[in-house]
Amino acid sequence: MAIELVEEAIAAHGGIELWEGAAEVTAQVSSGGLAFATKLQGSAVRDVQARISTRGQHVILEPYPAAGQRGVLEQGGRVRIETDAGELVEERANARSAFGDVRHKLWWDRLDILYFATYAMWTYVSAPFVFAREDYRVSELDPWIEDGERRRRLAVRFPEHVHTHSREQVFHLDANGLIRRHDYTAEPIGGWAKAAHYCHDHRTFDGLVVPTRRRVYPRKRNNHRRAGPLLVWIDVPRAAVHG
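Residues numbered from 1 in each chain as written. Predicted model: local features only at pLDDT ≥ 70, side-chain atom pairs only at ≥ 80, totals over all residues. Heavy atoms only, no water.

Caption draft 1: Local environment of unusual backbone geometry. A cis amide bond links Glu62 to the next residue, Pro63, at an omega of -10°. Of note, the amide linkage connecting Tyr64 to Pro65 takes the cis form, showing an omega dihedral of -5°. Tracing the backbone through its elements, the reader meets Pro65 in the loop between strand E3 (59–62) and strand E4 (69–73). Phi at Asp47 takes a positive value of approximately 50°, unusual for a residue other than glycine. With respect to the helices and strands, Asp47 occurs in the loop between helix H3 (34–37) and strand E2 (48–53). (Helix = DSSP H or I, 4+ residues; strand = E, 2+ residues; numbered from the N terminus.)

This is the structure in structure tokens:
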């Protein structure tokens, strides 16, 4: 049963009581890779702290894009850059809708990468805890064998109000219930941007189990990963849970 698999995954990552008792999770994050470099944002997200709300889709990156400033994703998809004192520098009311024009096929600005990075981090940290909510649709797929390891797969349909890579995503769980791979289409990059996202080196911070190394590769039509190129790398050396 899919719900039993969800419950197993939640327990493996720290338990629902931990998640529901927290107000936010903070994570030290650095990322890069070809996908960002081709949009002229290869080093935009380096050594920043992500403050990720557990109560709604709200994320703060700081410092971003420079010292004395921070980037904010609000519920509903608005992004803004403000000073540490809260003075507005710039904002975009509906960041997702901007990705359809010609400019975005060539390069992104700092609000674009802010939107992508913040919704992505919220997705990664909130999984699998939010999957038991009524507005998420889950089902179990056939098992997947990779590198000699059998993994169960959970198909998740995200609700319309959540900003994420794509509505349909698939999570590969190991024998302990940990997420080891995450498949999706990175729609802001393009409908062709099908990803196989690997989660490595899980560590426990304040009871929360977090992959500290993430690596994203292109995914073939048969769902096998391509050997390269490395599209995105994400390192999370530290995290903490705040009540």
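Now, onward.
Caption draft 2: Examining the packing of aromatic side chains more closely. Evaluation of the coordinates by the stated rule reveals 12 aromatic pairs. Ring geometry for Trp108 versus Phe116: centroids 5.5 Å apart, planes at 50°, classification tilted. As far as burial versus exposure is concerned, Trp108 and Phe116 are alike and both buried. A network of ring pairs unites the aromatic residues Phe36, Phe99, Trp108, Tyr115, Phe116 and Tyr119 as a single cluster. Between the NZ or CZ atom of Arg103 and the centre of the ring of Trp107, over which it lies, the distance is 4.5 Å. The cationic tip of Arg225 hangs over the ring face of Tyr217; the distance from NZ or CZ to the ring centre is 3.7 Å. (Phe/Tyr/Trp six-rings, centres within 6.5 Å; stacked < 30°, edge-to-face > 60°. Buried < 20%, exposed > 50% of the residue type's maximum accessible area, 1.4 Å probe, protein only. Lys NZ or Arg CZ within 6 Å of the ring centre and 35° of its normal.)

Caption draft 3: Summary view of the pattern of salt bridges. For the coordinates displayed, the defined rule picks out 26 salt bridges. A salt bridge links Arg151 to Glu146; the shortest N-O distance between them is 4.0 Å. For Arg151, a relative accessible area of 5% translates into the label buried. Overall, Glu146 belongs to the buried group, its relative accessible area being 10%. Within this structure, Glu146, Glu149, Arg151, Asp174, Arg180, Arg181 and Asp183 form a network of salt bridges that share partners. (Salt bridge = Lys/Arg side-chain N within 4 Å of Asp/Glu carboxyl O.)

Caption draft 4: Structural view of the side chain of Ser53. Mapped onto the elements of the fold, Ser53 is located in strand E2. The exposure class of Ser53 is buried, given its relative accessible area of 14%. A distance of 3.4 Å separates a polar atom in the side chain of Ser53 from the backbone nitrogen of Gly56. Among residues more than four places away in sequence, those in contact with Ser53 are Ala23, Glu24, His58 and Trp122. (Polar contact = N/O pair within 3.5 Å; in protein donor to acceptor, adjacent residues only side chain to side chain. Contact = heavy atoms within 4.5 Å.)

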